[in-house]
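Fold and contact review
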Amino acid sequence: MHAKSESAQPRQSLLAKVSTGQWLALVFAVLALIFVLSNRGKVRIEFLLVTVTSPMWLILLIMFVIGLLSGALLTRRKGRAPR
C-alpha cells in the first residue's frame, strides 16, 4: 500500500496562508475605499491662475502622489555620496 504524503500533513486553511502584510494591505484597501466613498463631493481648488473642480478624494490622491514622489526624490539624493 502506498501512503500519500498529502494525507500525512494537515492542510492549511486559506486564511492561515495569508501573511500579516497581506492582512494589513487588505485593511488599508478597505479604509481607502471607505475614504473615497465618504469624499465624493466636489471641491473647487484655486492655484495661481488655475481653478479646478474635482472630487475631494482625487485632489487628495494627487497631493499624496506628489508627496510620495517628493519624498522618494529626497531620499535618493540623501543616500548618495557627495561628489
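Small disclaimer: the values here were computed from a predicted structure and weren't measured. (Residues numbered from 1 in each chain as written. Predicted model: local features only at pLDDT ≥ 70, side-chain atom pairs only at ≥ 80, totals over all residues. Heavy atoms only, no water.)

Points about the overall build of the protein
Each helix and strand in the protein was counted, giving three helices and two strands. Of the regular secondary structure in the protein, the N- to C-terminal order runs α-α-β-β-α. Evaluated residue by residue, the protein yields a buried proportion of 4% over its 83 residues. (Helix = DSSP H or I, 4+ residues; strand = E, 2+ residues; numbered from the N terminus. Buried < 20%, exposed > 50% of the residue type's maximum accessible area, 1.4 Å probe, protein only.)

Focus: the pairing of strand 1 (residues 42–47)
With zero of six residues buried, strand 1 is to be regarded as a mostly surface element. Alignment of strand 1 against strand 2 (residues 50–55), held across six bridges, turns out to be antiparallel. Each bridged residue has a counterpart across the sheet, and for K42 the counterpart in strand 2 is P55. With antiparallel pairing between neighbouring strands as the criterion, strand 1 and strand 2 make up a hairpin whose turn holds two residues, including L48 at a positive phi of roughly 55 degrees. (Pairing = 2+ DSSP bridges.)

Digging into the side chain of S54
Position of S54 among the secondary structure elements: in strand 2. Setting aside chain neighbours within four positions, we find S54 in contact with G41, K42, V43 and I59. (Contact = heavy atoms within 4.5 Å.)

Topic: unusual backbone geometry
The phi angle of most residues is negative, glycine excepted, and most peptide bonds adopt the trans form. If you check the backbone angles, L48 has positive phi at about 55 degrees while not being a glycine. On the secondary structure map, L48 appears in the loop between strand 1 and strand 2. Given the relative accessible area of 75%, L48 is considered exposed.

Some remarks on the confidence of the model for the protein
Per-residue pLDDT for the protein has a mean of 79; in total, 78% of the residues score no lower than 70. Confidence scores differ between elements of the protein, with helix 1 (residues 5–8) showing the lowest mean pLDDT of 57 and strand 2 the highest of 91. (pLDDT = per-residue confidence, 0-100.)

Brief notes about a nonpolar patch on the surface
Judged by side-chain polarity, W23, L24, L26, V27, F28, V30, L31 and I34 come together as a nonpolar surface patch covering roughly 760 Å² of accessible area. Mapped onto the secondary structure, V27 falls in helix 2 (residues 20–38). (Patch = residues over 30% accessible without salt bridge, like charges linked within 9 Å, V, L, I, M, F, W, Y side chains within 5 Å. Areas by Shrake-Rupley, 256 points an atom, 1.4 Å probe, with all protein chains shown as cover. Salt bridge = Lys/Arg side-chain N within 4 Å of Asp/Glu carboxyl O.)

As for the environment of S54
Of the residues examined, S54 reaches a relative accessible area of 6% and is grouped as buried. Residues S54 and G41, 13 residues apart in the sequence, show an inter-C-alpha distance of 8.2 Å.

Side note on the environment of I45
Looking at the secondary structure, you find I45 in strand 1. Judged by its relative accessible area of 33%, I45 is partly exposed. Measuring from C-alpha to C-alpha, the distance between I45 and I59 comes to 8.7 Å, with 14 residues separating the pair along the chain. When neighbours within four sequence positions are excluded, I45 is seen to be in contact with V50, T51, V52 and I59.

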